[in-house]
Amino acid sequence: MSYVTSNTASDLVEAFQGLDADTQLALFYFIYKEMGGAVTPAAPGASTVSPAIAEGLFNQVKDLPREEQLNVQRDLIARRNTQLTREYGAVGDTTKLLFWYLLSQGMDNGTIIPMPADYQLPQEAQQLLDRVKAMEFEQQITFFRNYVAPMGVDPNAVEHDSETGL
Ligand code: 45D
C-alpha cells in the first residue's frame, strides 16, 4: 500500500505522537467531533476497508469494563504488546481507522467510556487540532491513516514473547 505523505502531514503525526497517550485520545476525540457528519462508512475509498473485522475488534473493546476500555486504547497508542494490540496491528490501515471511528461513535451512544464532561484540551493539543482543521478533507484522511497505522503491535515484526506467549 502506498500513499503520498506530505512533509507537513508526517510532521503532524510526530507532533501527535509526542503527546502523552491520554492527550492523544482526547485530541483524537475532539477531531472526531469536529468532523461531525463528514465521515460515513460509505465514504469513497471504502473498498479497502473490512467492516466486519473492524466491528469484531470494536466488539471486543465494547464488552470490557469501562476502565479496561480506556486501557486498551492507551495500549494501542503506547504500542503495548497484548492480544488485542496485535490483532489491531494485523489489519489494514483503513480498517484501523474504521475501528477508531466505531469507538468514537460508541462514546457517543454510551457503549464506550465517554470523555469527562469537564475535560480541557491542553494548549499544545489545541494547536494541533487547529492544524488538522485547516487541512483539506482528503489530507485529513491521509493524516488519520498515517496516525493510526503504527499504533498497536505488528505481529509479524516482533519476536515471540515467552513470558506472555504472544
Ligand atoms: O477519564 O475509506 C481521557 C472509513 C482523560 C470508511 C479519557 C473512512 C481521562 C472507509 C484519556 C481523555 C469510515 C473507515 C477519559 C474512510 C479519562 C474509508 C478518555 C474514514 C475517559 C476514509 C478518552 C474514516 C477517550 C475516518 C476514550 C476519517 C478517547 C475516521 C477516545 C476518523 C477517542 C475517525 C477516540 C476518528 C477517538 C476517530 C476513540 C477521527 C476517535 C477518533
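First, a word on scope: everything that follows refers to the structure included in this document.

Criteria and cut-off values
Every chain begins its residue count from 1, and numbering advances along the sequence as written. In keeping with the predicted nature of the model, local features appear solely for residues at pLDDT of at least 70, side-chain atom pairs appear and are counted solely at 80 or more, and the whole-chain, interface and lining totals rest on all residues. Excluding hydrogens and water, the side-chain figures rest on all heavy atoms present in the structure. Segments assigned H or I by DSSP are reported as helices when at least four residues long, segments assigned E as strands when at least two residues long, and all are numbered from the N terminus. In this scheme, a helix's expected span is set at 1.5 Å multiplied by one less than its residue total. Burial classification: accessible surface area is computed with a 1.4 Å probe over protein chains only, and a residue below 20% of its type maximum counts as buried, one above 50% as exposed, and the rest as partly exposed. We call two N or O atoms a polar contact when they sit within 3.5 Å, provided that within protein one can donate a hydrogen and the other can accept it, with sequence-adjacent residues counted only if both atoms are side-chain atoms. Any two residues having at least one pair of non-hydrogen atoms within 4.5 Å are treated as being in contact. The term nonpolar core refers to a set of buried residues drawn from Ala, Val, Leu, Ile, Met, Phe, Trp, Tyr and Cys, joined through side-chain atoms within 4.5 Å. The convention used is that axes are lines fitted to C-alpha atoms, helices contributing only their stretch in contact, and that angles between N-to-C directions extend from 0 to 180 degrees. Helix crossings fall into two classes, left-handed where the near helix is turned counterclockwise from the far one by less than a right angle and right-handed where it is turned clockwise. Any Lys or Arg side-chain nitrogen located within 4 Å of an Asp or Glu carboxyl oxygen qualifies as a salt bridge.

### A few points about helix 2 (residues 21–35)
With 15 residues, helix 2 ought to run about 21 Å at 1.5 Å a step, and its terminal C-alpha atoms sit 21 Å apart, in line with that. Thr23, Gln24, Leu25, Ala26, Leu27, Phe28, Tyr29, Ile31, Tyr32 and Met35 are the residues of helix 2 that are buried. Where helix 2 begins, the capping side chain belongs to Asp20, and its oxygen is found 3.2 Å from the backbone nitrogen of Asp22. Gly36, located one to two residues past helix 2, shows a positive phi value of around 50 degrees.

### Section: the side chain of Ser104
In this structure, Ser104 sits in helix 6 (residues 93–108). Judged by relative accessible area, Ser104 falls into the buried class, the value being 7%. Setting aside anything within four residues of it in sequence, one finds Ser104 in contact with Tyr29 and Tyr32.

### Brief notes about unusual backbone geometry
The backbone phi angle of Arg79 is positive, close to 55 degrees, even though this residue is not glycine. When you line up the elements, Arg79 lands in the loop between helix 4 (66–78) and helix 5 (83–89).

### Brief notes about the nonpolar core
With 45 residues, the main nonpolar core has Phe16, Leu27, Ile31, Phe99, Trp100, Phe143 and Tyr147 as its most contacted residues. Within the residue set of this core, elements represented by two or more residues are helix 1 (7–17), helix 2, helix 3 (51–62), helix 4, helix 5, helix 6, helix 7 (123–133) and helix 8 (137–148). With residues near it in sequence (within four places) discarded, Phe99 still touches Ala54, Leu57, Phe58, Val61, Leu76 and Tyr88.

### Some details on the packing of helix 2 against helix 7
Orientation of helix 2 relative to helix 7, taken along the N-to-C sense of each, is 35 degrees, at an axis distance of 10 Å. For helix 2 against helix 7, the interelement crossing comes out right-handed. Seen from helix 2, the contacting residues are Thr23, Leu27, Phe30, Ile31 and Glu34; seen from helix 7, they are Ala125, Leu128, Leu129, Val132 and Lys133.

### Quick notes on the pattern of salt bridges
Tallied over the full model, the rule gives 6 salt bridges. For Arg74, the salt bridge identified is with Asp22, shortest N-O distance 2.7 Å. With a gap of 52 residues between them, Arg74 in helix 4 and Asp22 in helix 2 connect regions that are remote in the sequence. Accessibility expressed as a relative area gives 34% for Asp22, which makes it partly exposed. The shortest N-O distance in the salt bridge between Lys133 and Glu34 comes to 3.6 Å. You can see Lys133 sitting in helix 7 and its partner Glu34 sitting in helix 2, a full 99 residues away along the chain. For Lys133, a relative accessible area of 41% puts it in the partly exposed group. Residue classification places Glu34 among the partly exposed positions, given a relative accessible area of 44%. Salt bridges sharing partners connect three or more residues here, namely Asp22, Glu67 and Arg74.

That is the geometry; function is a separate question.
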